[in-house]
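# Topology and contacts: notes
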Amino acid sequence: MDIGRRNNVTVTGRAGGPVLVLAHGFGCDQNMWRLVAPALAEQYQVVLFDYVGSGRADPSAWDERRYSSLEGYALDVTEICEELDLRDVTFVGHSVSAMVGVLAAAKAPRRISRLVMVAPSPRYIDDDGYRGGFSAEDIDELLESLESNYLGWSAAMAPVIMGNVDRPELGQELTASFCATDPDMARVFARTTFLSDSREDLRTVTVPTLILECRQDVIAPREVGAYVRDVVPGSRLVTLEATGHCPQLSAPQATAGAITDFIAAA
């Protein structure tokens, strides 16, 4: 299979420069990086892609069994790295893709050498001694609403996830991205995302890691950022002066600057 076509891979930026792979979260595609990628492309080779089931990835490659686990998405990442023979990669994962990056780094340690986690969460459901931000009942209701009326759920939830009520165009953009996703594939990705528990996987991380959180984020509260920092040895936590769950859209300059500073210091 042509991996580049399967995942709609796009390579931009400085040829031969340090490599960044930017990975989108649930309901999104590589377009979510459009405000950050040009700034990063001045110094780095930037690789963008869509997970199978998202954006302009080849829908014929969809396999529900594969993508019912974060391992399936991590396999997309490692196959892209192998196809392009990428080495010394900084993997930048937004939301659930932060945990996909953890799995991919474990699968391909010779290719992925740094992780940037943007608004990460290893588990969305609260547990004893752990605050993920949602009760089990909250997630059950979220998934039931999504599965019964995906377009209605998208219109209602996207502005909440984006935050920034004073900038409604951002919520509208996320709504459009959600609505462009095939509902059946989105339902699988949603369950994979919101029912995942990657806390033990975090303990396997051995590469330099940057955690980017926002001041206020209904999906990944600040307790989660602190938890990830405490579990991943030597990781660095940066709180962006931004609200919402998508700082690459709401605060692109700060997001790009934090990534660049981290790579320069790593």
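These lines cover the structure that appears in this document, whether it is placed above or below. Because the structure is predicted, anything quoted here is derived from the model rather than measured.

The next point concerns helix 12 (residues 252-265). With 14 residues, helix 12 extends 20 Å from end C-alpha to end C-alpha; this agrees with the ideal 20 Å at 1.5 Å per step. Along helix 12, the residues that are buried comprise Pro252, Thr255, Ala256, Ala258, Ile259, Thr260, Phe262 and Ile263.

The subject of this paragraph is empty space enclosed by the protein. To find leftover empty space, a probe the size of one water molecule is rolled over the atoms. Enumeration according to the criterion identifies one cavity of 30 Å³ or more in this entry. Lining the largest cavity are 14 residues; nearest its centre among them are Phe26, Ser95, Ile161, Phe178 and His245. At the level of elements, helix 7 (168-179) and helix 8 (183-194) are the ones that each hand at least two residues to the lining of the largest cavity. Here the lining of the largest cavity is built from residues that sort into nine nonpolar, five polar and no charged.

Once that is clear, we can look at the packing of aromatic side chains. Across all of its chains, the model carries twelve aromatic pairs by this definition. With a centroid separation of 5.0 Å and an interplanar angle of 90 degrees, the aromatic rings of phenylalanine 49 and tyrosine 51 are classed as edge-to-face. Like tyrosine 51, phenylalanine 49 is buried. For the ring pair tyrosine 73 and phenylalanine 189, a centre distance of 4.4 Å and an interplane angle of 15 degrees mean the geometry is stacked. Remark: phenylalanine 189 occurs in helix 8 and tyrosine 73 occurs in helix 3 (residues 70-83); sequence separation between them is 116 residues. For the pair shown, tyrosine 73 and phenylalanine 189 are each scored as buried. Members of the aromatic cluster, each reached through a chain of ring pairs, are Phe26, Phe49, Tyr51, Trp62, Tyr67, Tyr73, Tyr124, Tyr150, Trp153, Phe189 and Phe194. Here the basic side chain of arginine 199 rests over the ring of tyrosine 130, its NZ or CZ set 5.0 Å away from the ring centre.

Parameters and conventions
Residues numbered from 1 in each chain as written. Predicted model: local features only at pLDDT ≥ 70, side-chain atom pairs only at ≥ 80, totals over all residues. Heavy atoms only, no water. Helix = DSSP H or I, 4+ residues; strand = E, 2+ residues; numbered from the N terminus. Expected span 1.5 Å × (residues − 1). Buried < 20%, exposed > 50% of the residue type's maximum accessible area, 1.4 Å probe, protein only. 1 Å grid on protein atoms, 1.4 Å probe; cavity = no way out; pocket = protein on both sides within 12 Å on 5 of 7 lines; lining within 4 Å. Points joined across faces, edges and corners; volume = space filled by probe spheres on them. Nonpolar A, V, L, I, M, F, W, Y, C, P; charged D, E, K, R; others polar. Phe/Tyr/Trp six-rings, centres within 6.5 Å; stacked < 30°, edge-to-face > 60°. Lys NZ or Arg CZ within 6 Å of the ring centre and 35° of its normal.

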